[in-house]
Amino acid sequence: AGLTTAISLSGSFKINLLEFIGLTNEQITVKMTVDGDVIFNDTFTADNASLLLFGIGSQSQVVVLQNPEAFKCNSSLLLQIQTATDNDVTLFYLARPIK
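Residues numbered from 1 in each chain as written. Predicted model: local features only at pLDDT ≥ 70, side-chain atom pairs only at ≥ 80, totals over all residues. Heavy atoms only, no water.

Turning our eyes to something else, we now look at the overall build of the protein. Helix and strand counts for the protein stand at zero helices and eight strands. Secondary structure of the protein in N-to-C order comes out as β-β-β-β-β-β-β-β. Counting across all 99 residues of the protein, residues that qualify as buried make up 36%. Residue pairs at least 24 apart in sequence account for 73% of intrachain contacts in the protein once pairs closer than 6 positions are excluded. When the accessible surface of the protein is split by element, carbon and sulfur atoms take 47% of a total near 5600 Å². (Helix = DSSP H or I, 4+ residues; strand = E, 2+ residues; numbered from the N terminus. Buried < 20%, exposed > 50% of the residue type's maximum accessible area, 1.4 Å probe, protein only. Contact = heavy atoms within 4.5 Å. Areas by Shrake-Rupley, 256 points an atom, 1.4 Å probe, with all protein chains shown as cover.)

Spelled out as structure tokens, the structure:
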């Protein structure tokens, strides 16, 4: 029933990991907006029960952002997810505020 916010950060952050786990084997839509710019808004198949968006994850074989280094947001990060039937998704993330 539309996109649901998984995490919303305000301020300057360094992000090292974004990974959804506990997914149902189905198609999901993920949208990430950093500093007001949409980085991606795509549909993926969660066939490994996890989806690694960025970083070195615990379970996933899929990496959406192919970059081994951390990235940063200067003012905001908004990560949203939409699933067809799954209502119990966990987000692993590592983000720390920076000045």
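So, next bit.
Before going further, it helps to examine the pairing of strand S4 (residues 37-45). Here strand S3 (residues 27-34) pairs with S4 via eight bridges, running antiparallel. The partner of Gln27 across the bridge, within S4, is Thr45. The hairpin formed by S3 and S4 contains two residues between the paired strands, and Asp35 there has a positive phi angle of roughly 55°. (Pairing = 2+ DSSP bridges.)

Another point: unusual backbone geometry. The backbone phi angle of Asp35 is positive, close to 55°, even though this residue is not glycine. Judged by relative accessible area, which is 27%, Asp35 ranks as partly exposed.

Counted as a void, the largest pocket has a volume near 160 Å³. Those elements giving two or more residues to the lining of the largest pocket turn out to be strand S1 (4-10), strand S7 (76-83) and strand S8 (90-97). Across the lining of the largest pocket, the residue classes break down as six nonpolar, seven polar and two charged. (1 Å grid on protein atoms, 1.4 Å probe; cavity = no way out; pocket = protein on both sides within 12 Å on 5 of 7 lines; lining within 4 Å. Points joined across faces, edges and corners; volume = space filled by probe spheres on them. Nonpolar A, V, L, I, M, F, W, Y, C, P; charged D, E, K, R; others polar.)

Okay, the confidence of the model for the protein next. Mean pLDDT over the protein stands at 82; residues scoring 70 or higher make up 81%. Ranking the elements of the protein by mean pLDDT puts strand S5 (residues 50-54) last, at 71, and S1 first, at 95. (pLDDT = per-residue confidence, 0-100.)

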